[in-house]
Structure formats: C-alpha cells, structure tokens
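# Structural features, examined
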Number of protein chains: 2
Amino acid sequence: MLIVKKFGGTSVADKERIFNVAKRCIEDYQKGNDVVVVLSAMGKMTDVLIEQAKEINPNPPKREMDMLFTTGEQTSVALMGMAMAALGVPAISLNAFQVQMHTTSVYGNARLKRIDSERILNELEQRKIVIVTGFQGIDKFDNYTTLGRGGSDTTAVALAAALNADACEIYTDVEGVYTADPRKVKNARKLKEITYDEMLELATLGAGVLHNRSVEMAKKYGVQLVVRSSLNSAEGTVVKEEVKMEKMLVSGVAADKDVARIALIGLKDEPGVAFRLFNHLARHNINVDMILQSVGRDNTKDISFTTNVDSADEAIEIIERHFKEYDRIDSEKNVAKVSIVGAGMMSNAGVAAKMFEALYDEGINIRMISTSEIRVTVLIDEKYVERAMNAVHDAFALGDA
Amino acid sequence: MLIVKKFGGTSVADKERIFNVAKRCIEDYQKGNDVVVVLSAMGKMTDVLIEQAKEINPNPPKREMDMLFTTGEQTSVALMGMAMAALGVPAISLNAFQVQMHTTSVYGNARLKRIDSERILNELEQRKIVIVTGFQGIDKFDNYTTLGRGGSDTTAVALAAALNADACEIYTDVEGVYTADPRKVKNARKLKEITYDEMLELATLGAGVLHNRSVEMAKKYGVQLVVRSSLNSAEGTVVKEEVKMEKMLVSGVAADKDVARIALIGLKDEPGVAFRLFNHLARHNINVDMILQSVGRDNTKDISFTTNVDSADEAIEIIERHFKEYDRIDSEKNVAKVSIVGAGMMSNAGVAAKMFEALYDEGINIRMISTSEIRVTVLIDEKYVERAMNAVHDAFALGDA
C-alpha cells in the first residue's frame, strides 16, 4: 500500500514531536507499506520568517517572500530525514525542485499544475521513506512559489493523486472534523464521515481543519482523505464522495474571524458598476466572498462585500486607486462569519429560518447573509461568534449522536 | 562592467549590515555596472543549523545536513532581495537550482563542475541586481550539496569565470591580506598585491581570508581577485598571477589551530603500508595534510599525519575499522600549524633555517615540518601559536613596508 501522510507545523514543532511523527511513519513503513510524508514548516517558523522579512522591508516583494518561506519546509524535511536516520530507517527529503512540483506563477497563492512522480517512485523503489516539503512549488521560470494558506494539505492530496496512493492521511491537532469547533462549542461531536462538498463549505468557511483547495483537489481526483490526530491514534473523519449516515439536515457549524467587510456607498445605479469593481479586485488576486448589493434609490446604490482581513487594506487601496465611482468607502475588521453546512439542507426548507431564529433569540444582529445549496452563512459582530455558534449548534441538536 | 561581489556571513548578520551591503552594491549598479552578489548564510546561522541537527541526530546523514545548510544562504539572498527592493532597486535572488550550479556528489565537500550563466545573464539584461547563494550546489541527481569551508568564495570566483566578469571582489571583515593576522601580530602590514601561489599557501594554511579552492579556481581561470573590507572603502589586496613588488623573501606568516595530529606506532616496515593507510582515508574523503614517516627500526616504523580537527575522530574510526596494521594509535588536538609563505623563497636558501632559529630563540619545540617551494610549515603546541607568529614576523621584518 502507498500511503501519503501529511503533518502540520505543530506536529513537527520540536524534537520530541519530530520523533513522534517519525515513529508513526516508520510503523506503517515496517508493515511493508510505501510511505510518503508531507511536512509544513515547524511551529511558528513561518511567523518568524515574516517578522524577519518585515524588519527589512515592510512590503517585501512576493517573489522574495516565497524564496524566504520555502526555507521553512526545507528545514522540516531535512530534520525529519535526520530523525528517521537516527531511528535506523532509510529516508530522503525532497523539496519542490527535487520533486518538480509545478505551479502557476502567483507568488504567495500559486496553484499546483503538475507533480512529477518519477523521483519519488524511484526512492520508494529503494525502500526509502520519502519526506516532501508541503506548501511550496516552482513556476515555469524556476522561481519558488507558495500555495497560500493550508497549502501543505493541497500538496499531500496532489501527491496522493499523482502517485495513485491508496490512502491520504491528514494529521492535525484535532481528532477529526467536528460538528463545531470543540474549543468553542462544548458538546461538539466528531463526525465519522463527511462529503467533499460539506467539507468544502466547512473549509472555505473557516472550520480550520482542511483547506478548501485540498478538498477541491481531493474531490476532483477522487482521493479519499482521512483527517486524524497526530497526538493519538483515534480514528478520525473520512472525507469522501458519498456518505451513508444519519439523515441530518446540518453536519456542522463553522466560524471565521479573519474577515473584513468593505462597503462602498453611493455608487451610480447603472449596469457595469459591480463588474468594474470586482474586476479590479480579481485582477489583483483579491478574493471576495459575500457580496451584498442594496436596492437602488435616488439613482444610487451601495455594495458591501467581505474579504480576508489580511487583504482588506490592499483591497481598499486598489479601489481608491482604480475605481473611483463611489461617494464613501467604509470598512470593518471586527466582523465574523458563522455558517451551517449540510448536504441534507438541499431538500429542506426552513433550515435558514431556524438558524436566524436561534440568533434572534440570542439578540445577535445579522449584518449580511449568503447561502449556497448546502450552506447558510451570516456575518455578525466578531464578539458574538461563540455565543452564535453554541446557539446554532443547540438549535440543530448537533451534539446528539 | 560586470562585477561579482561576495560578502561573508558577518557582513549580512543583521538588518543594518544587510542594508550596508545593499547600498554598496547599488553604488556600483547606479554607475551603470552589472552587479552579481554572492552571499553566505547570516552570521551564526550555520552554527545554529548544526546545533539543531545534532539535537535530532548526533551523526546526521550528510545529504540531509546539506539539505538543511542550504536554507542558510537562501535566507540571506531572499532578505537581501527585500532590502534592495526597499531601496527601490530591482533585484532578484537565485539559489543553486535556479542558477544551476552543478557539483560533484560529495556532500559537505562538493566541487563545482559547471555553472550555467543563462538565467543570471537574463536577469542582468533586465537591469536587475542578481543575488546568488554561495556555498551551495546541486549534483547530477538534483540533490543539494555544499562546497565545504569558504565555499562562498569559490562560488564567487566560479561565477566570475562563468560570466567572464571584469572584477571579482571578496569582502571580508579585514581590509585585505596581511603579513600576519593583525589580531595576533601587532605590526602586521597589509599587502597591496600577492600572487595566486602565495595566497594559495596562505589560504591552505589558515590565513583565514580566502579559501584555497577559490584561489585555485581564480588561478586556473585567471580571475583577478580583490580582497577588501565590507566595513570601509580601503583599497584591499589584489590577488593575481604576477606581482611586481618589493623583493621580499617572505610575504606573510599564517597559523591554523584547527589541526589534529594522528600517530600510528609500530607499523610493519614494508612497502604498501602508507598507501593502504592513506587510501582508506582518501576513500572516506578525509583530507590529510602534513605526513611524517619515521626511519624504520626493528622492522617497524611510525607514521604521523595532520588532519582537520573536525575530521580527526572520523579518521581514527576509519583507521580502527579498516586498517589494523599498527600497534598503537595516538592523537592530539592541541596542536597548530605556523607557516611562512613567499614566492621569493624559491631562490633563497636559509629561509627555513631562519624560521627555525626564531622559534628556537623562543624555546618553542617543533613537532613536524613540511615545506613546499614557497612555504615552510611547522607543527607546534597550540598554546605557543601567537608567540611563534610574532617571533617569525619579526625575524623576517615583515612589519617594515
């Protein structure tokens, strides 16, 4: 069996944890499996690198930032190679150049295009554990790129697809996918299984377990994922195409605090305004999420949208420079999204209403609403997030098995 | 003019120094020159990486060690790229993969075989300052390698040769090449010029300014070097083929404390013994320096040799495992080499005698002697090094201009 195992930064944060991961991989290896390990940068290393960069240049070129970031995973994989050698097991570490992980050229947010499997298969053939840098890639000009948040998950899934792996295990600091964040919702319950689509909504909405791109890619290539803990051997949650489970309307509640709301007041109420606005943002790779447009009045309208809080300042700058068709621009960073997700929602009316009712009962004001077939999201004040999650979790009785 | 400038680890140890280096490079750039900068890892970063590795594995695989080491220079060049951007100058950092610096596969001590110039010339064409990682390379299997001590100098010289550069400037924390280490010999004097051969002997013998491989390569490809300070704009020392200067017998005195002496007692006095011994060491890439063989007596003989102090334990282990033809093995790490170097020595008798006399006057015992056409080296107790250097420096009146 060929197993791809991915461990995040906290799982390799120090010597003890590095050896824990090494031992887990060796267990599988010694059962005769081929093992490929994908690692992120150690603990807070990425933060340290950002700090180091900002000290030199508060606005560092993204290409050079990626050149700096990629040292993080390379450090992890080299140390893991040494740990496995210390345990007497042949292992080899490989970075994006050595594997040849080809991506687009969008520094800081590149997309994987193609992973060569030759070198890895070669090393596996020689019965080595292969340790691969997550998060990083190279573009067609041989520049380093990084995949953005949660990029190591994407690396793992893409590798599993490229190598036709029998399993892809994503190790995290939680035991699996829960009906809500267990740190915030007391009676949150671990799910045994979840569909790609539900996971996708949860990932996008800040459940924080898996990154959306990795789930998208898993869905596209039919890679069955297991999300499990790096700290114990509990079973985890399987993410796959179809789930035979309790007929639940809602699978989970998620929250995302890394959100900012930007509002443009006094736009001309004419066709093309929204297109021009969002086109400018898209051209600068600013991801926009919820969009709300007011009904026109006095020949003007307002548009509000949400974006990642890290992109908010850049988004405002771009709007001020390139899109001048408004009276006033407002922004708020103390907002958060709370969402419910469930494949069962599609065929059921009243789910959204039930969520709104739960929030109303708590006296929480809803600022924006956005829905998909299997999701309802509301934007609220950040300070109410945990109360909102608990209220919604209770309203749908998600804690009951 | 195309200028290659190399800065060592202390020159990029912190923010202030990084900007100093950036400014020096930009000065040349703004005069219309093409500038290629070669950097080492920052300050003590290499030591930190070694420590990190040893914590995981006291005897880490050399391949993984190189994988770890190469993050050091990559960090330096990325931060330098950011510093130059902060100063408004277009710059790009490149590592061994991006340049394609091909080396042999001897991890930790690889030799450069070929440097591709295409990418660098391309970036220079676009009027960018090109910042290249020193010390590192890739082998034909796309593994990272490192060039061993002083490897960044070699990178700089090789780049200057490959790019047909007009100048190759090696920036250090001293102002140039001195008649002796100014920290140890009070009236040491800076040389204006020195030949490759003299520099080669000085480098090999631990003058600590330039690495021998870099000088060998400079000689081979006729790259004229300038050794100068990164802290001021003093003129430095030019290293070239022929020097028209004061007819001095001796150009300088050098010392090397990183030496160990290994003695094998009671070898059979028969042909092939020395060959077998040193063949084992060579096959394990242990560099041996001075070799002394006693005259045979009672059908046995002794062989002593020196090696780098870091290789001593490994050398002993190799001898004990593979070469068992001796009675006893001794080793000493508290020894040092002191050498005098001078192209003028060749045609002059009595130079060695004068050195021995100076040491005798100080009561310093000579443990081993080795000579070349332009060098005399003695092995002495480490504790006498500075006294020996001063005595020899005075004996040849090297302080007088």
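Residues numbered from 1 in each chain as written. Chains lettered and ligands numbered in written order. Predicted model: local features only at pLDDT ≥ 70, side-chain atom pairs only at ≥ 80, totals over all residues. Heavy atoms only, no water.

Moving on, we get to the overall build of chain A. Looking only at helices and strands, chain A has twelve helices and 18 strands in total. Its C-alpha atoms give chain A a radius of gyration of 22 Å, within 12% of the compact-globule value 21 Å for 401 residues. When its C-alpha atoms are laid out on the principal axes, chain A stretches across 75 × 50 × 35 Å. Going through the 401 residues of chain A one by one, you find that 54% of them count as buried. Nonlocal contacts in chain A, meaning residues at least 24 apart in sequence, comprise 75% of its contacts between residues at least 6 apart. The centroid of the 49 positive side-chain charges in chain A is displaced by 1 Å from the centroid of its 57 negative side-chain charges. (Helix = DSSP H or I, 4+ residues; strand = E, 2+ residues; numbered from the N terminus. Rg over C-alpha atoms; globule rule 2.2 N^0.38 Å. Buried < 20%, exposed > 50% of the residue type's maximum accessible area, 1.4 Å probe, protein only. Contact = heavy atoms within 4.5 Å. Lys, Arg positive; Asp, Glu negative; His and termini not counted. Charge placed at Lys NZ, Arg CZ, Asp CG, Glu CD.)

What follows covers the nonpolar core. Core analysis: the largest hydrophobic core is formed by 162 residues, its most contacted members being Val36, Ile120 and Ile129 of chain A together with Val4, Val36, Ile120 and Ile129 of chain B. Sequence-distant contacts of Ile129 of chain A, that is, excluding residues within four places in its chain, are made with Cys25, Ile26, Tyr29, Val35, Val37, Met84, Val89, Pro90, Ala91 and Ile92 of chain A. (Core = buried A, V, L, I, M, F, W, Y, C linked by side-chain atoms within 4.5 Å.)

This part takes up the environment of Ser294 of chain A. Residues and elements named next belong to chain A. Residue position: Ser294 is located in the loop between strand 14 (288–293) and strand 15 (300–308). For the pair Ser294 and His102, spaced 192 residues apart in the sequence, the C-alpha separation amounts to 43 Å. Not counting residues up to four positions away in its chain, the partners in contact with Ser294 are Lys301 and Asp302.

Moving on, we come to the relation of the copies chain B and chain A. Here chain B sits on chain A after a turn of 180 degrees about the axis and a move of 0.0 Å along it, with an RMSD of 0.1 Å. The superposition of one copy onto the other is thereby described by a two-fold rotation axis. Taking C-alpha positions as the reference, the residue of chain B nearest the rotation axis is Thr71 of chain B, at 2.6 Å. Take the interface residues of chain B: 100% of them recur as interface residues in chain A, which is what a same-surface contact looks like. (Least-squares fit on C-alpha atoms with pLDDT ≥ 70 in both.)

In this section: the packing of helix 2 (residues 45–56) of chain A against helix 3 (residues 62–86) of chain A. Residue and element names in this part refer to chain A. Running from N to C, helix 2 and helix 3 cross one another at 150 degrees; their axes reach a closest spacing of 10 Å. With respect to helix 3, the element helix 2 is oriented roughly antiparallel. Handedness of the crossing formed by helix 2 with helix 3: right-handed. Where helix 2 abuts helix 3, its residues Met45, Thr46, Leu49, Ile50 and Ala53 lie against Met65, Leu68, Phe69, Thr71, Gly72 and Thr75. Taken together, the residues of the contact of helix 2 with helix 3 sort by class into seven nonpolar, four polar and no charged. (Axes fitted to C-alpha atoms, helices over the stretch in contact; angles between N-to-C directions. Parallel < 35°, antiparallel > 145°, perpendicular 65-115°, else oblique. Left-handed = near helix turned anticlockwise from the far one by under 90°. Nonpolar A, V, L, I, M, F, W, Y, C, P; charged D, E, K, R; others polar.)

Summed over the entire model, instances satisfying the criterion amount to eleven aromatic pairs over all chains. Plain terms: the ring middles of Phe278 of chain A and Phe305 of chain A are 5.4 Å apart, the flat faces sit at 75 degrees to each other, and that makes the pair edge-to-face. Of this pair, Phe278 of chain A sits in helix 9 (residues 273–283) while Phe305 of chain A sits in strand 15; the two residues are 27 residues apart in sequence, bridging distant segments of the chain. The exposure classification of Phe278 of chain A matches that of Phe305 of chain A, with both residues buried. When the centroid spacing of 4.4 Å and the interplanar angle of 15 degrees are considered together, the rings of Phe7 of chain B and Tyr171 of chain B count as stacked. Of the two residues, Phe7 of chain B is situated in strand 1 (residues 2–7) and Tyr171 of chain B in strand 9 (residues 167–172); the sequence distance between them amounts to 164 residues. Three or more aromatic residues joined by ring pairs form one cluster here, namely Phe97 and Tyr144 of chain A together with Phe97 and Tyr144 of chain B. Looking at Arg127 of chain A, its charged tip hangs above the ring of Tyr29 of chain A, at a distance of 4.1 Å from the centre. (Phe/Tyr/Trp six-rings, centres within 6.5 Å; stacked < 30°, edge-to-face > 60°. Lys NZ or Arg CZ within 6 Å of the ring centre and 35° of its normal.)

Further remarks concern the sheet that holds strand 15 (residues 300–308) of chain B. All names here are of chain B. Ordered by their spatial adjacency, six strands build an open sheet running 14-15-13-16-18-17, and the pairing between neighbours is antiparallel. Every other strand in the sheet has two partners, leaving strand 14 (288–293) and strand 17 (368–372) as the edge strands with one partner each. Each strand axis lies, on average, 30 degrees off the axis of its neighbour in the sheet, ignoring direction. In the sheet, strand 13 (residues 252–268) pairs with strand 16 (residues 328–341) via eleven bridges, with the strands oriented antiparallel. Residue pairing for strand 16: Arg261 is matched across the bridge by Glu332. This element, helix 9 (residues 273–283), spans strand 13, strand 14 and strand 15 of the sheet and lies at about 25 degrees to strand 15. (Pairing = 2+ DSSP bridges.)

What follows is about the pairing of strand 12 (residues 237–240) of chain A. Residues and elements named next belong to chain A. When strand 10 (residues 193–195) meets strand 12, the two strands line up parallel, connected through three bridges. The partner of Glu193 across the bridge, within strand 12, is Val238. Two elements, strand 11 (residues 225–229) and strand 12, share three bridges in a ladder whose sense is antiparallel. Paired with Leu225 across the two strands is Val239, which belongs to strand 12.

The next subject is the pattern of salt bridges. What the rule picks out here adds up to 52 salt bridges over all chains. The shortest N-O distance in the salt bridge between Arg63 of chain B and Glu64 of chain B comes to 2.9 Å. The partner of Asp269 of chain B in a salt bridge is Lys301 of chain B, and the shortest N-O contact between them spans 3.9 Å. One end of the pair, Asp269 of chain B, is in the loop between strand 13 and helix 9; the other, Lys301 of chain B, is in strand 15, and 32 residues separate them in sequence. Lys301 of chain B sits in the buried class, given a relative accessible area of 7%. It is possible to trace a salt-bridge network through shared partners that takes in Arg261, Glu332, Arg367 and Asp381 of chain A. (Salt bridge = Lys/Arg side-chain N within 4 Å of Asp/Glu carboxyl O.)

This next bit is on the environment of Ile374 of chain A. Residues and elements named next belong to chain A. Its location among the elements puts Ile374 in the loop between strand 17 (368–372) and strand 18 (375–381). In this structure the C-alpha to C-alpha distance between Ile374 and Glu118, which are 256 residues apart in sequence, comes to 40 Å. Setting aside anything within four residues of it in sequence, one finds Ile374 in contact with Asp197, Glu198, Glu201, Ile340, Val341, Gly342, Ala343, Met345 and Met346.

Another aspect to go through is the interface of chain B and chain A. The interface is formed by 40 residues belonging to chain B together with 40 residues belonging to chain A. Overall, the association of chain B and chain A removes approximately 3,200 Å² of surface from exposure, summing both partners, and the carbon and sulfur fraction of that is 61%. At the surface where chain B touches chain A, the tally comes to zero salt bridges. Summed over the shared surface of chain B and chain A, the number is 18 residue pairs in polar contact (both at pLDDT 80 or more). For the side of chain B that touches chain A, the secondary structure elements donating two or more residues are helix 1 (15–30), helix 2 (45–56), helix 3 (62–86), strand 3 (91–94) and helix 4 (96–99) of chain B. Sorting elements by how many residues they give to the side of chain B that touches chain A places helix 3 of chain B first, with 17 residues. When grouped by side-chain class, the residues that make up the side of chain B that touches chain A number 23 nonpolar, eleven polar and six charged. (Buried area = accessible area lost by both parts, 1.4 Å probe. Polar contact = N/O pair within 3.5 Å; in protein donor to acceptor, adjacent residues only side chain to side chain.)

Here the focus is the side chain of Arg24 of chain A. All names here are of chain A. Among the secondary structure elements, Arg24 is positioned in helix 1 (residues 15–30). Put simply, Arg24 is tucked away with no salt bridge, and the nearest opposite charge, on Glu27, sits 6.1 Å away. There is a polar contact of 3.4 Å between the side chain of Arg24 and the backbone oxygen of Ser229. With near-sequence residues (within four places) excluded, Arg24 lies in contact with Lys5, Phe7, Tyr171, Arg228, Ser229, Ser230, Leu231, Asn232 and Ser233.

Before going further, it helps to examine the pairing of strand 2 (residues 34–39) of chain A. All names here are of chain A. The buried count for strand 2 comes to five of six residues, which makes it a mostly enclosed element. Two strands pair when backbone bridges link them, and strand 1 (residues 2–7) and strand 2 are joined in this way by six bridges, in the parallel orientation. Within strand 2, the position partnered with Ile3 by the bridge is Val35. Note on the crossover from strand 1 through helix 1 to strand 2: the handedness is right-handed. Inspection of the sheet shows strand 2 paired to strand 6 (residues 129–133) by four bridges, in the parallel sense. Across the sheet, residue Leu39 finds its bridge partner in strand 6, namely Thr133. (Right-handed = clockwise from strand over helix to strand, strands pointing away.)

All we've got here are geometric facts, nothing functional implied.
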